[in-house]
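# Structural features, examined
The residues making up each chain are set out below.
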Amino acid sequence: MPDAFSRFIAFLAVVMALLFAGLHFHQGHIIATLYFMTGAVLVTAVTRMNVRRGVI
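As a convention, each chain's residues are numbered from 1 in the sequence order in which they are written. Per-residue local features of the predicted model are confined to residues with pLDDT of at least 70, and side-chain atom pairs are confined, for both listing and counting, to 80 or more; whole-chain, interface and lining totals are unaffected and use all residues. To obtain the side-chain values, all non-hydrogen atoms of the structure were used and water was disregarded.

## Here's the deal with the UniProt feature "transmembrane region" (unreviewed entry) in the protein
Note the following rule: UniProt positions are given in the numbering used here, feature names are shortened, and annotations may be inferred rather than shown by experiment. For helices the rule is a DSSP run of H or I covering at least 4 residues; for strands it is a run of E covering at least 2, with both sets numbered from the N terminus onward.
The UniProt record marks residues 7-25 and 31-51 with the feature "transmembrane region" (unreviewed entry), using the residue numbering of this structure. Along residues 7-25 the backbone is 100% helical and 0% strand, and the end-to-end C-alpha distance reaches 27 Å. Helix makes up 100% of residues 31-51 and strand 0%, with an end-to-end C-alpha separation of 30 Å.

## Quick word on the packing of aromatic side chains
Definition in use: Here the aromatic set is Phe, Tyr and Trp, taking the six-membered ring for Trp, and pairing holds for ring centres within 6.5 Å; pairs whose planes are under 30 degrees apart are stacked, those over 60 apart are edge-to-face, and all others are tilted. Only protein chains enter the accessibility calculation, which uses a 1.4 Å probe. A residue is then buried if its area is under 20% of the maximum for its type, exposed if over 50%, and partly exposed in between.
Applying the stated criterion to the full structure yields two aromatic pairs. When the centroid spacing of 5.4 Å and the interplanar angle of 35 degrees are considered together, the rings of F20 and F36 count as tilted. Of this pair, F20 sits in helix 1 (residues 2-27) while F36 sits in helix 2 (residues 30-53), placing them 16 residues apart in sequence. Residue F20 is classed as partly exposed on the basis of its relative accessible area, which comes to 35%. In textbook terms, an aromatic cluster arises when at least three aromatic residues are bridged by ring pairs, as seen for F20, Y35 and F36.

## What to know about a nonpolar patch on the surface
As a reminder, the rule being used: Only residues whose relative accessible area exceeds 30% and that form no salt bridge are eligible for patches; like-charged ones are grouped when within 9 Å, while nonpolar side chains (Val, Leu, Ile, Met, Phe, Trp, Tyr) are grouped when within 5 Å. Accessibility throughout is a Shrake-Rupley quantity obtained with a 1.4 Å probe, and a residue counts as covered only by protein chains that appear here. Salt bridges are defined by distance alone: a side-chain nitrogen of Lys or Arg within 4 Å of a carboxyl oxygen of Asp or Glu.
Together, F5, F8, I9, F11 and L12 make up a nonpolar patch on the protein surface, roughly 510 Å² of accessible area in all. Examined against the element boundaries, F11 turns out to sit in helix 1.

## Quick look at the side chain of T33
Under the convention used in this document: Note on definitions: a residue-residue contact is assigned when non-hydrogen atoms from the two residues lie within 4.5 Å.
Relative to the helices and strands, T33 resides in helix 2. With residues up to four places along the chain from it excluded, the contact list for T33 reads A21, H24 and F25.

## What about helix 2?
Formally: Here the expected length of a helix is defined as 1.5 Å per residue gap, with one fewer gap than residues.
In a regular helix each residue adds 1.5 Å, so 24 residues correspond to 34 Å; helix 2 covers 35 Å between its end C-alpha atoms and thus fits that length. For helix 2, the set of buried residues is T33, A40 and T47.

And the structure:
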């Protein structure tokens with residue numbers, strides 16, 4: 001059960017980061033857009049590494 005919950009939280013983090021990136025892109029804030037896109041990529045990469053190692 002904790003592994004499914006951790007994956008769900010990681011998924012929500014990526015979705016929220018992408019939504020915020022889209023919002024800031026629409027408003028013309030390029031630095032904030034890059035910040036949230038980088039965060040989404042990093043959360044995805046860390047989650048994928050943990051899933052492969054069996055941590056999650």
